[in-house]
Amino acid sequence: MHPLLKKKGFIIDIDGVIGKSVEPIEEGVKGVQKLLEIGKRVVFVSNNSTRSRRILLERLKSFGVSAEEKDIISATHATASFIAKEKKGAKVFTTGETGLQEELINANLKLVDYRDAEYLVVGSNRNLDYDLMTRALRCCFLGVRYIATNPDKIFPSEDGPTPGTGLIIGALYWMTGRMPDVIVGKPSKIIMLEALERLNLKVEDVVVVGDQIEVDVVAGKNIGAETLLVLTGVTKKEDLNGAKVLPDYVLQSLNDLFFS
Ligand SMILES: [Mg+2]
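What you see is a predicted model; the values in this text were computed from it and never measured. (Residues numbered from 1 in each chain as written. Predicted model: local features only at pLDDT ≥ 70, side-chain atom pairs only at ≥ 80, totals over all residues.)

Student: Just to check I follow, could you spell out the overall build of the protein for this structure?
Tutor: A count of helical and extended segments in the protein gives eight helices and 15 strands. For a compact globule of 260 residues, the expected C-alpha radius of gyration is about 18 Å, and the protein comes in at 18 Å, within 12% of that figure. Each principal axis of the C-alpha atoms in the protein carries an extent, and together these give about 60 × 35 × 30 Å. For the protein, buried positions account for 47% of its 260 residues. Summarising the internal contacts of the protein: among those between residues at least 6 apart in sequence, 65% fall at separations of at least 24. (Helix = DSSP H or I, 4+ residues; strand = E, 2+ residues; numbered from the N terminus. Rg over C-alpha atoms; globule rule 2.2 N^0.38 Å. Buried ≥ 20, exposed ≤ 12 C-beta atoms within 10 Å, placed from the backbone. Contact = placed C-beta atoms within 7 Å.)

Student: How should I be thinking about the pairing of strand β10 (residues 154-157) in this particular structure?
Tutor: One face of the sheet, then the other: side chains in a regular strand alternate in exactly this way. Strand direction decides the pairing type here: β10 and strand β11 (residues 160-163), joined by four bridges, are antiparallel. By the bridge assignment, Pro156 is partnered in β11 with Pro161. Once β10 ends, the chain turns through two residues before running back antiparallel as β11. (Pairing = 2+ DSSP bridges.)

Student: Teacher, can you tell me more about the nonpolar core here?
Tutor: If you look at the biggest cluster of nonpolar residues, it comprises 69 residues, and the most contacted ones within it are Ile11, Val92, Tyr119, Leu120, Ala195 and Val209. Here this core spans two domains, since at least three of its residues come from each of domain 1 (3-47 + 186-259) and domain 2 (86-183). Apart from residues lying up to four places away in sequence, Leu120 is in contact with Phe93, Ala136, Cys139, Cys140, Val144 and Tyr146. (Core = buried A, V, L, I, M, F, W, Y, C linked by C-beta atoms within 7 Å. Domains from an automatic or database assignment.)

Student: Hey, could you run me through the sheet that holds strand β12 (residues 182-183) in this one?
Tutor: Hydrogen bonds between backbone groups are what pair the strands of a sheet, and the pairing can be parallel or antiparallel. Spatial ordering of the open sheet is given by β7-β6-β8-β9-β12, a layout of five strands whose pairing is parallel. Each of the sheet's edge strands pairs with one partner strand only, and the pair in question is β7 (110-111) and β12. Sheet topology note: the strand β8 (residues 119-122)/strand β9 (residues 145-148) ladder contains four bridges and is parallel. The residue of β9 that forms the bridge with Val121 is Ile147. Contacting β6 (91-94), β8 and β9, helix α5 (residues 130-141) crosses the sheet at an angle of about 135° to β8. (Axes fitted to C-alpha atoms, helices over the stretch in contact; angles between N-to-C directions.)

Student: What is the right way to read the environment of Tyr249 from this model?
Tutor: Structurally, Tyr249 is set in strand β15 (residues 249-251). Residue Tyr249 is classed as partly exposed on the basis of its C-beta count, with 18 C-beta atoms lying within 10 Å.

This is a description of form; function is not addressed.
What follows is the structure in structure tokens.
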């Protein structure tokens, strides 16, 4: 039996582990199904900044994974709850798409234009234009608290890399010299501690599973959890040579937990 099957809880990344955008990764889906069958607690953690938990849940269901909204922690949701904890009903200007806006509204935050904002919330937007960037720039200059959903520079899509939230973070930095005051998504402890809280387990009883060293493995190490890197996503075996941080375990796919 693989030593990680002794763990009670699994914090699992979505993109590159159980799916690639809208396409399921069969070996990942099988792995999750088996973990659930043997009674493991599973929470899905995604840095995706354009999708709400509701949208991610629909995607998981389309892959054949049975989950509920409470089993999903997205960077959009974690950002909204982080701000709501800091300032109830805060006024927020966001660059984000409807997926992020939906989570901010669900957390009882008020979406406002940049002039009235107490927070600037940066998340990806596939319809980003000059006007939205201008308002984000002005919001940034007003000196309000600046929160980014996630630090991803690029996002791997089926036909190659596309800009991540880094497109806006980078542009704002170049224009204003400001970096976010807080970044919520992986590898930040903020989103990982929320996942741990959701599982209601001690860190030694969980493993963090993902396909990227700098994102998932570092996120696991930041909370002191053991980590499993799977090779179904962006990381290839040869990338491990010379990596600064190494996972505790490496498997070809999540399903290989049951065959090693
Ligand atoms: Mg991933």
